[in-house]
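Structure assessment
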Amino acid sequence: MPVEPYALGVCSWSLQVTSVAELRRLVDQLGVNVIQIACGDPVHASWEEGEGMPAAAHAAGFEITAAMLGFPGEDYTSPQTIKETGGFGNPATRAQRMETLQWGLERTRALGVDLLTLHAGFLPDPSDADRKPFLDTLGQAAALAAGHGITLGFETGQETADLLRRTLDDLKCSNLKVNFDPANMLLYDMGDPIRAVEILGPDLCSVHVKDANRPTTPGQWGEEVPLGEGQVNIPEFVRVLQRVGYRGPLVIEREVGDQQGRLADVKRGLDVLRGTLAG
């Protein structure tokens, strides 16, 4: 059953949980039931329930809006390391990661949802020699997902909204959409997230609500901060989402701090969003 427009939720990985029971306990503390859930995988991000995770998540009664897939070997130490290791960017890992994607699609189906989000990797510029092979790979990923009745949501951040817009237009795959994260655009210093929503609005399938400040040193990460304390301008971000016609959930992502700190930050972030939506 679809969730209510602008339903508030949280990303499972933000809470650093290792089991569905732990996720249930923390989500109850937050007073929400909407989640985007990490697929996990047998290599680097497994759930204690193993292959029984989808059944356990169903039994727990969550409103699951999407699944998320990360690839083993992705290194977020710096923007340069993730450029080299992220998504489908490295030709040498594309075939193996397509197999991981197949696994993720099967788990997404088992979770009962039809949206899987992931970082596709740094999209090459139109002048880059690798652009065609890279886009061919993304087209293969889209076809694989379509065979399962699943939409892929590429998460924003690594490229400008204009480059992502052009790439989606070039691919012409109806099941390739955008999982929009405004903070990532600041962390990577890739433009104004408010303008980006306007450019990508027709293809937004999911939203991570996160806040950040731009980097002060070129080539370094920006700083992720609690919701409402950074440069995103959360009230304006919500307004522009409404203006472009997005009606999906607002799912908080927090990737800094220990578990208790993240829980407290998510709780405050939910209050920020409630106040913003109340208007």
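Coordinates for the structure precede this section.
Observations regarding unusual backbone geometry
Trans peptide bonds make up the majority, and among non-glycine residues the majority have a negative phi. At Asp 189, a residue that is not glycine, the phi angle is positive and equals roughly 55°. Here Asp 189 is to be found in the loop between α7 (182–187) and α8 (193–200).

Notes on empty space enclosed by the protein
Unoccupied space between atoms shows up once a probe the size of one water molecule is rolled over them. Using the criterion set out here, one finds two cavities of 30 Å³ or more in the structure. Forming the walls of the largest cavity are Val 209, Lys 210, Asp 211, Glu 224, Val 225, Pro 226, Leu 227, Ile 252, Glu 253, Arg 254, Asp 265 and Val 266. Residue classes in the lining of the largest cavity are distributed as six nonpolar, no polar and six charged. The computed volume of the second largest cavity comes to approximately 30 Å³.

With respect to the packing of aromatic side chains
One pass over the structure, following the stated rule, counts four aromatic pairs. An angle of 70° between the planes, with centres 5.8 Å apart, marks the rings of Phe 122 and Tyr 188 as edge-to-face. Here Phe 122 is found in the loop between β4 (115–118) and α5 (131–146), whereas its partner Tyr 188 is found in the loop between α7 and α8, with 66 residues between them in sequence. Accessibility expressed as a relative area gives 17% for Phe 122, which makes it buried. Looking at Tyr 188, the relative accessible area reads 10%, which means it is buried. Relative to Trp 221, the ring of Tyr 188 has its centre 4.9 Å away and its plane inclined at 80°; by these criteria the two rings are edge-to-face. Of this pair, Tyr 188 sits in the loop between α7 and α8 while Trp 221 sits in the loop between β8 (211–213) and β9 (223–225), and the two are 33 residues apart along the sequence. Counting every residue linked through ring pairs, the aromatic cluster contains Phe 122, Tyr 188 and Trp 221.

Digging into the packing of helix α4 (residues 94–110) against α5
In a packed pair of helices, the relevant descriptors are the angle between the two axes and the axis-to-axis distance. Two elements in contact, α4 and α5, have axes whose closest approach is 10 Å; the angle formed by their N-to-C orientations is 25°. Judged on the interaxial angle alone, α5 and α4 are roughly parallel. By crossing handedness, the relation of α4 to α5 is classed as right-handed. For the pair α4 and α5, contact is made by Arg 94, Met 98, Leu 101, Gln 102 and Leu 105 and by Pro 133, Phe 134, Thr 137, Gln 140, Ala 141, Leu 144 and Ala 145, respectively. Partitioned by chemical class, the residues of the contact of α4 with α5 number eight nonpolar, three polar and one charged.

Regarding the pattern of salt bridges
As enumerated under the stated definition, the model contains 21 salt bridges in all. The shortest N-O distance in the salt bridge between Arg 254 and Glu 224 comes to 3.0 Å. Placement of the pair is Arg 254 in the loop between β10 (250–252) and α10 (259–278) and Glu 224 in strand β9, with a sequence separation of 30 residues. Like Glu 224, Arg 254 is buried.

What counts and how
- Residues numbered from 1 in each chain as written.
- Predicted model: local features only at pLDDT ≥ 70, side-chain atom pairs only at ≥ 80, totals over all residues.
- Heavy atoms only, no water.
- Helix = DSSP H or I, 4+ residues; strand = E, 2+ residues; numbered from the N terminus.
- 1 Å grid on protein atoms, 1.4 Å probe; cavity = no way out; pocket = protein on both sides within 12 Å on 5 of 7 lines; lining within 4 Å.
- Points joined across faces, edges and corners; volume = space filled by probe spheres on them.
- Nonpolar A, V, L, I, M, F, W, Y, C, P; charged D, E, K, R; others polar.
- Phe/Tyr/Trp six-rings, centres within 6.5 Å; stacked < 30°, edge-to-face > 60°.
- Buried < 20%, exposed > 50% of the residue type's maximum accessible area, 1.4 Å probe, protein only.
- Axes fitted to C-alpha atoms, helices over the stretch in contact; angles between N-to-C directions.
- Parallel < 35°, antiparallel > 145°, perpendicular 65-115°, else oblique.
- Left-handed = near helix turned anticlockwise from the far one by under 90°.
- Contact = heavy atoms within 4.5 Å.
- Salt bridge = Lys/Arg side-chain N within 4 Å of Asp/Glu carboxyl O.

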